[in-house]
Amino acid sequence: MSSGTRRRAIAFARRLRFYVIAAWSAVTLNFLIPRLMPGDPAQAVVQQLEVKNGQNLPPQTVEAIRKLLGGVHENIAVQYWHYLGNLFTGNLGISTGNFPTRVTTLIGTALPWTMLLMGVSTVLAFLIGTGIGALCGWRPGTRTDSVLSPLSTFLAAVPYFWVALFALWLFAFRLGWFPLAGGHDPDADPSSPRYWLSVLHYGLLPALTIVFSSCGGWLLGMRNMTLTTTGEDFVLLARAKGLSNTRVLFRYAARNAMLPQLTGFALALGAIIAGSVLTETVFTYPGVGSLLKQAIDNRDYPLMQGILLFTTLAVLVANFLADSVYVLVDPRTRAQGGDAS
Amino acid sequence: MKPALRNPKVLAGSAIALLVVLAALFGDWFSVHALGQDPHTLDYLVINQPPSGHHLLGTTGSGEDVLAQTIAGARGSLVVGLVSALISTALGILFGVCAGFFGGVADTVLNFITNLFIVMPVFALTLIVAGYLNNTGTMTIALIIGVFGWAGGARSLRAQTMSLRGRDHVQAMRMLGESRTRLVFSEVLPRLYPLISAMFLHAVIGGVLAEAGLAFLGVSSPNTISWGTMIQNAQNQNAIINGLWWWFLPPGFCIAALGTATGLINFGIDEIANPRLGAARRAAQQAVKAA
Amino acid sequence: MGQPPDRRSILRAGGALSLGALAPPVLAACGGPASATVPRSDTVSVLNKDTAIVRNFNPYSPSNHTGPMGRYIYEPPLWIPRLDPAKPQPWLASAFSWSRGGRELTLTLRKGVRFNDGSPLTLDDFVHSLDIPLKKPEFNTAGVTYTDVRATGPDTVVLTFDKPAYQDLYALGQLSVVSKRQLAGHDLATWNNPDPVGTGPGRIAAFTTNQVRIRLRRGYWGGDAFPTRNLKFPSASEDTAKLLLLDGDLDFASIAWPSGQTNFVDRDPAQNLYSPLPSGTIAMIAFNHTKAPWNDIHVRRALSMAIDRSAVSRTVASGQDPANLAGLAPEVYGSWLLPEYRRSQPLDVAGARRELAAGGWQIKGGNLVKDGRTHTVSMTSIADWPAYRIMSAATADQLRRHLGLNVNLQLQVGATFDSHYNSGTFDIQYRLYSSGTLYQFYNTLLDGQGMLPVGKIAASNQMRWKNADTDRLLAAMRVTDDPKLIASYAASLQKIFVEQLPVVPVLWECIWAVATRRYWTGWPTNRGIRHYFGFDAAAPEAILALKGLRRSTT
Amino acid sequence: MTDLKPDTETPVLEAVAATKHFAAGGATVRAVEEASVALHRGRIVALVGESGSGKTTVARLLARMYPVTGGEIRLDGSPVGRGHPDREYLRRVQLIFQDPFASLHPGKTVLHNLERPLRIHGHVRDRAEARARAAELLERVSLLPAKEFLDKLPHQLSGGQRQRVVIARALAVRPAVLLGDEPISMLDVSIRLDMLNLLTKLRDEEGLALLYITHDIASARYLCDDVQVMYAGQMVEGGPKEDVIQRPAHPYTQLLVDASPDPARDRAADGTADEDGTTLGEPPNLADPPSGCRFRPRCPHAMAVCAEAFPPRTELGGGHWAHCWLHADGSGVTTT
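Definitions and cut-offs
Residues numbered from 1 in each chain as written. Chains lettered and ligands numbered in written order. Predicted model: local features only at pLDDT ≥ 70, side-chain atom pairs only at ≥ 80, totals over all residues. Heavy atoms only, no water. UniProt positions renumbered as here; feature names shortened; annotations may be inferred. Helix = DSSP H or I, 4+ residues; strand = E, 2+ residues; numbered from the N terminus. Buried < 20%, exposed > 50% of the residue type's maximum accessible area, 1.4 Å probe, protein only. Areas by Shrake-Rupley, 256 points an atom, 1.4 Å probe, with all protein chains shown as cover. Expected span 1.5 Å × (residues − 1). Salt bridge = Lys/Arg side-chain N within 4 Å of Asp/Glu carboxyl O. Contact = heavy atoms within 4.5 Å. Buried area = accessible area lost by both parts, 1.4 Å probe. Polar contact = N/O pair within 3.5 Å; in protein donor to acceptor, adjacent residues only side chain to side chain. pLDDT = per-residue confidence, 0-100. Pairing = 2+ DSSP bridges. Axes fitted to C-alpha atoms, helices over the stretch in contact; angles between N-to-C directions. Core = buried A, V, L, I, M, F, W, Y, C linked by side-chain atoms within 4.5 Å. Parallel < 35°, antiparallel > 145°, perpendicular 65-115°, else oblique. Left-handed = near helix turned anticlockwise from the far one by under 90°. Nonpolar A, V, L, I, M, F, W, Y, C, P; charged D, E, K, R; others polar.

Looking up chain A in an unreviewed UniProt entry gives the name Peptide ABC transporter permease, with the organism given as Mangrovactinospora gilvigrisea. Quoted verbatim from the Subcellular location (unreviewed entry) field of the UniProt record, the comment on chain A reads "Cell membrane". Under Sequence similarities (unreviewed entry), UniProt gives the following word-for-word description of chain A: "Belongs to the binding-protein-dependent transport system permease family."

I keep staring at the overall build of chain B and nothing clicks. Help me out?
A tally of helices and strands in chain B yields twelve helices and zero strands. When the elements of chain B are put in sequence order from the N terminus, they spell out α-α-α-α-α-α-α-α-α-α-α-α. Going through the 291 residues of chain B one by one, you find that 60% of them count as buried. As displayed, chain B has an accessible area near 10400 Å², and 69% of this comes from carbon and sulfur atoms.

What am I meant to see in helix H8 (residues 193-230) of chain A here?
Three- or four-residue spacings in an α-helix give side chains the same orientation, since the helix completes a turn every 3.6 residues. Taking 1.5 Å per residue as the helical rise, H8(A) with its 38 residues ought to reach 56 Å, whereas the 48 Å between its terminal C-alpha atoms falls clearly short. The buried fraction of H8(A) is high, at 27 of 38 residues.

Help me out: how do you make sense of the pattern of salt bridges in this one?
Two side chains that carry opposite charge are able to pair once their charged atoms sit near each other. Counted under the stated rule, the structure contains 49 salt bridges over all chains. Asp243(D) is paired through a salt bridge with Arg247(D); the nearest N and O atoms lie 2.8 Å apart. Judged by relative accessible area, Arg247(D) falls into the exposed class, the value being 53%. Shared partners join several salt bridges into a network, and the residues in it are Arg100(C), Glu104(C), Asp148(C) and Arg150(C).

Sorry if this is basic, but what is going on with the interface of chain C and chain A here?
Many structure descriptions define interface size as the accessible area lost when the parts assemble. Every contact between the two is made by 70 residues of chain C and, on the other side, 56 residues of chain A. Here chain C and chain A share an interface that buries about 5200 Å² over both sides, 58% of which is from carbon and sulfur atoms. Our enumeration of links across chain C and chain A arrives at two salt bridges. Lys232(C) is the partner of Asp187(A) in a salt bridge, and the nearest nitrogen-oxygen pair spans 3.0 Å. At the boundary of chain C and chain A, one finds ten residue pairs in polar contact (both at pLDDT 80 or more). Secondary structure elements with two or more residues in the side of chain C that touches chain A: helix H1 (7-19), helix H2 (23-29), strand E9 (211-216), helix H5 (238-247), helix H12 (414-423) and strand E18 (428-433) of chain C.

Hey, could you run me through the UniProt feature "transmembrane region" (unreviewed entry) in chain A in this one?
All names here are of chain A. Residues annotated in UniProt with the feature "transmembrane region" (unreviewed entry) correspond here to residues 16-33, 113-138, 150-175, 195-220, 265-287 and 307-329. Strand forms 0% of residues 195-220 and helix 100%; the C-alpha atoms that close the span are 38 Å apart. Spanning residues 265-287, this segment combines 78% helix with 0% strand, and its end C-alpha atoms are found 21 Å apart.

Explain the side chain of Gln429(C) to me, please; I cannot follow it from the model alone.
Residues and elements named next belong to chain C. As for its position among the elements, Gln429 is in strand E18. For Gln429, a relative accessible area of 0% gives the class buried. Reaching out from Gln429, the side chain makes a polar contact with the backbone oxygen of Phe417 at a distance of 3.0 Å. For Gln429, the contacting residues outside a window of four places in its chain are Met284, Ile285, Ala286, Thr380, Gln412, Phe417, His420 and Tyr421.

Explanation requested: the environment of Gly319(D) in the structure shown.
Checked against the element boundaries, Gly319(D) lands in the loop between strand E11 (313-317) and strand E12 (320-323). Sequence-wise, Gly319(D) and Pro67(D) are 252 residues apart; in three dimensions their C-alpha atoms are separated by 29 Å.

Explain the confidence of the model for chain B to me, please; I cannot follow it from the model alone.
Predicted coordinates in areas of low pLDDT are best not read in detail. All names here are of chain B. Of the residues in chain B, 89% have a pLDDT of 70 or more, and the chain-wide mean is 81. Considering each helix and strand of chain B separately, the mean pLDDT is smallest for helix H12 (residues 279-290), with a value of 41, and largest for helix H3 (residues 66-102), with 91. Below pLDDT 50 for its whole length, residues 275-291 participates in 40 contacts with residues either more than four positions away or in separate chains. Scoring of the predicted complex yields 0.79 for pTM and 0.76 for ipTM.

Got a minute to help me understand the interface of chain B and chain D in this structure?
Contacts between the two partners involve 15 residues from chain B, matched on the other side by 24 residues from chain D. Across the interface of chain B and chain D, roughly 1700 Å² is buried in total on both sides, 59% from carbon and sulfur atoms. If you sort the residues of chain B by the area they bury against chain D, Asp168(B), Met175(B) and Leu176(B) come out on top, with a joint share of 42%. Across the chain B-chain D interface, the total number found is one salt bridge. For the salt bridge of Glu178(B) with Arg116(D), the shortest nitrogen-to-oxygen distance reads 2.6 Å.

What exactly am I supposed to notice about the sheet that holds strand E3 (residues 44-48) of chain D here?
The strands that make up a sheet are held in pairs by hydrogen bonds between backbone atoms, and each pair lies either parallel or antiparallel. All names here are of chain D. Read across the open sheet, the eight strands follow the order E6-E7-E8-E3-E9-E10-E12-E11; overall the sheet is mixed. Both outer strands of the open sheet, strand E6 (93-96) and E11, are each paired with one neighbouring strand and no more. Across this sheet, the average inter-strand angle for adjacent strands is 20°, counted without regard to direction. Inspection of the sheet shows strand E7 (residues 177-181) paired to strand E8 (residues 209-214) by five bridges, in the parallel sense. Residue pairing for E8: Leu179 is matched across the bridge by Leu211. Lying on the sheet, helix H6 (residues 159-172) is in contact with E6 and E7; it crosses E6 at an angle near 170°. Contacts from helix H10 (residues 251-259) reach E3, strand E9 (226-231) and strand E10 (234-240) within the one sheet, and its direction differs from that of E9 by about 105°.

Would you mind showing me how to read the nonpolar core here?
In terms of nonpolar packing, the biggest core is built from 133 residues, with Tyr83(A), Phe161(A), Val282(A), Leu292(A), Leu127(B) and Leu245(C) touching the most fellow members. Of all the elements, helix H7 (residues 160-174) of chain A adds the most residues to this core, at ten residues. In this view, Leu245(C) contacts Leu250(C), Asp251(C), Phe252(C), Ala253(C), Ile255(C), Trp257(C), Phe264(C) and Val514(C); residues no more than four positions away in its chain are not counted. Listed in part, the 119 residues of the second largest apolar core include Trp191(C), Leu328(C), Phe497(C) and Ile511(C).

Which parts of the structure should I look at to understand the sheet that holds E18(C)?
Residue and element names in this part refer to chain C. Read from one edge to the other, the open sheet built from six strands follows the order E11-E19-E12-E18-E16-E17, with strand pairing classed as mixed. Two strands close off the open sheet at either side, each with one partner strand: strand E11 (252-253) and strand E17 (407-412). In terms of strand pairing, strand E16 (residues 377-382) meets E17 through six bridges, oriented parallel. Bridged to Ser381 within E17 is Leu411. Across the sheet, helix H11 (residues 386-403) is in contact with strand E12 (272-287), E16, E17, E18 and strand E19 (503-516); its angle to E16 comes to roughly 160°.

For this particular structure, what's the right way to read the environment of Leu198(D)?
Residues and elements named next belong to chain D. Along the chain, the position of Leu198 falls in helix H7 (residues 189-206). Looking at Leu198, the relative accessible area reads 3%, which means it is buried. When residues no more than four places from it in sequence are discounted, the contact partners of Leu198 are Arg140, Val141, Arg164 and Ile167.

Help me out: how do you make sense of the packing of H3(B) against helix H7 (residues 151-166) of chain B in this one?
For any two helices packed against each other, one specifies the crossing angle of their axes together with the interaxial distance. Residues and elements named next belong to chain B. Relative to each other, H3 and H7 sit at 30°, their axes nearing to 7 Å. As summarised for this structure, H3 and H7 are arranged roughly parallel, according to the angle between their axes. Where H3 crosses over H7, the two elements pack in a sense that is right-handed. Seen from H3, the contacting residues are Gly92, Ile93, Phe95, Gly96, Val97, Ala99, Gly100, Phe101 and Phe102; seen from H7, they are Ala154, Leu157, Arg158, Thr161, Met162 and Arg165. Residues belonging to the contact of H3 with H7 are distributed by class as follows: nine nonpolar, four polar and two charged.

Below, the structure is given as structure tokens:
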């Protein structure tokens, strides 16, 4: 079907157009937010140093810091132009909180940790939640369902960091099963297996808290989707045809219920960085979330800006990929061409 | 309303929610007159006291009565939750219903903005904007949470409105000469109420949680008592490490209880609105599907 | 409450559980370079409070997070002892002398100093280091005030000042002496200097984002008498640091631990140590002197008299005792402090009421009233530190109890709090204050010359104190190095401070030392402190304090 | 565009060569091509065709629910604009939807449904009057006793009762034209006849012009005066009903008539032949329709010329016409 291919290509182009405009909007928003907000990074650095040294800084030092970190006084259009130019060359500026380190260097160091911790636990939470959710939705009202579904509602309402702090207190502090902070054994040599085992050990508790807190959402979503789908004609038909329960569940019901779950999953993957702030703050994990927290504490605007931009683009890319897969997979999107914007 | 209140889930949820609302409205009066404790008083002679007859839930590291603070926190948290939910629901209706109903250029523009906000990392944005705004007041925080949190609801509403717009009864009223404004308010909106109320409840607990998260990260109004700032203060003063569970546990439990209450009410509404599954929930999922 | 006593053994068991039987063979297998890891008992482990550090040893960065380890690499020309900042000591400059009435300073470069890359410290390096803040004022993070640097001999450098600068030596204690060769070709505004070259004894041995190891080299100019060559700086939050201290993973941390006595010291009094160290910092009430009623001495005095400082002191950790009248900590400014000002302001409610009456003030409905005009009292304090929340609330409570004054206490996050202070847009603030030498102490706080109008961001005299006597005394103090004259000016400044009360000192602030003697002894305590250590110390102090440690014999 | 209608008076409502194309996901769906239909006072025109033939689109074009892509709609002989219809237009033309279950707001009473149009068009001034008029309307559609029905909610009514309410609601406007989009297809077979009689009554007693859309030849034959047959968006044949049904000129009409269970012709061999046309084959994809005559791929008489162009209108006498090359030759009127 050449017209089908063409239609798919058009749908694709439309989505691409949306994401390009969205990316541009995000980039521009990112440029505007710090310029619309009051705040003075030099002041933040001065305050930080005064706290660190326990002393007020001499006026000359304060002057020097103002010169070093003070604002740019160019025309805003010129600034925007420079900003775009810098973006294309991968230059996100220099962190004021870690002067003179490049923002890209900081994000680059922190990113693998976040990807590792948040990526693994998001995938785990998704798989576990979706699996149990499909079972609950398939047989609503069973004991598993009647316990797990309300429990998930409760879990979704408990502040994540509160659970995490409690877990940290119980398992790391009272019981001592896990380390209290960090991402790896600081004394281990990065090339040794001991180091990698320590990475596992250090990451386990944070990962478990994420899985614990977030799989409820997947569970509920999948349960309800499965419930809806099993009421639809094609599933009833499949059941009437006498196909085995498992076959109907996996071939028909779950498969169709999965589509919205997958979109959610793409969103969740994209939101990993943003979601890592609380986890990494609680567990002092050396990822982008901690970096963002640090940036906010230090009023490190270039770093905040860089992380925000990076995060937004990550979400956009994840969504674009999910959308693209969607166009290929979902028969409805194929038939109608859909509209992304 | 009657069948709703006969549903045990709705009943339980409403009871908890009512308790929180009462605490928010009359909590200060109750604390001062019934408990004899002012949540704002720092009694620096009794710091970090475990629960006792005088301080039923003990005292904080600054000598505040934890029970009085927890009751006072209901107002702080609920105000943020309600205000942010009002803002996000209003924006959601504005963007979602307008886009879905009027279609055309309006839809293109509004839906683009909606999608843009959906793919933005909302929590990070909220955090950063709140962080930029330094000494933020409660209302500013509620405003930020609301302004960044409407897009998901708008998307559901748009999908639902589009489907309603195409329904025969709406088209029929339109063919009778009904004005578009009246169509929105009398034909479309009433049928969205279950979805909107579910969205609103969801947004309330979302706002409470977001405020707590922001407070935990140090972005909060330092002069307001909310469950979030209580946890932040407890964390700041090492309540966990020092074993001051009475300080740390109550605010978290309250947030969880309020969240569960809204969840129960939503569940109940779903069950009433659609014995199989709530129309609202389905619409939300279709919205996801449509993405 | 607290931790179960057997936590350590459980921790070990947990570690064994999780790493399982794998751990020993793994350790054995990777013998080679990894096992070069120094045993804990041969390492001094000091807390680095920054939780995420960056390999940034740029000495001009105002904000590098390399914390205490930088102290073992870069050294300054002079040492400004924290406990007597008015008496600078030679460091890399082996001698210094003033000429031309305080307009020229001659520094003599110490001989035989080598950088940690083995190259010698030359006069060229020295001049270059002193010259950088002049060539690039934005890198003047040390705050120097000289206008010219000139080598005048094989090992002498002359710094020229516009004005007599006897009081400006402090900056030379902050400046890092760097290797010209290493800096060559690098843009200081973008360069991280990941492998720093300095004259200090240390060299980076290993760097990760949560721990830095320093190896002390042989051939350090100051001698080799270190108890060990291995230092490590684990990064941890203050909470985590407490647990690391309990576990013996940290030897020393400079953190406040309000329950430190019960939760740490009492657990093992022979080994564990928690001590406040004097810092010369005061917690005080600062007034906006451009505003009524704060520009009225009677009101300020009444406020000061109505505070029971020992009651406020009891609300915070021990060691934060009532400050004396002059606001000069005896441990730091002891030689200047007039005996009559050593005592603290006692609670004197009757006196406070008399002062108010003398100024024509009444208290009605919790507010200050004079000539029919009502002034509400609003005090701001910093929200970032819990101790300040408590202290300021206690202070406000004192005023309510004793004068019936309703103090509207608002907490502000640090940045907002400071920006209001700097622009003079506040009523009264409860804040901490500390600044270098005695001259700097008064000058930064009270110098009325070049006072900025309200709304402009000021780096000194943010309270907008305008007093001709103060200005005259500070100006005179700047241009003399006669100890007798300086002492008399200092006495007059103290008198103004005590009588005019530009600020109301409330409590002393402390630096807290938490240490364990499990591996090392000789930690600084409030009894017999010689040198500061850890985060708050300057390079010479840190190096000397390290030399003062001894291997534990227990 | 001359008409050989038996009735020469100006049609109340008319579609002239109306064309509608929809854009859908990058493709163009050619739903209706140059369709013409004229509605006269006191006459019922049936528009017959299978699902997807474009008959509903024609009705909606006439109701101006969306604008025509080409051609025009004329009310009382004068062309109307392309925008949303004004109240004046809606007062003259009313559309009745297929599904009586969906076309009433589930939360609104019968009275509310009737009151709104009365109020919108200023036919009543107060509540009491509205109630009285609403009761009259219900009596006109034989929903008796009218007063009892006024306060009922849609779900308390049967399908037939609802469709009567829907018709009453349309009548409340006092229209000249009623467009019925398969108004009886969702109703129980037992009450369909009642509804048809109601429509006949409205034509006869009130002189309404009616467009009756159906896929059911039998009901068209029972009810209407004229029949027009649509296939895949094109009008293929039309004329007085007996002419068209008894002597279908277009192969598609023949197929349709043959498949119809017509008791009159006693050919109800396959009574299950239904609207989905299991016996009629598959309709073409309107996003990519066949060239020329769209019935060509299914036509037993297909010729080469059929692929080249859509056949012109051939008058077969007595107002009977067809678009088919079979007859175009015979008449000698050939245009391309």
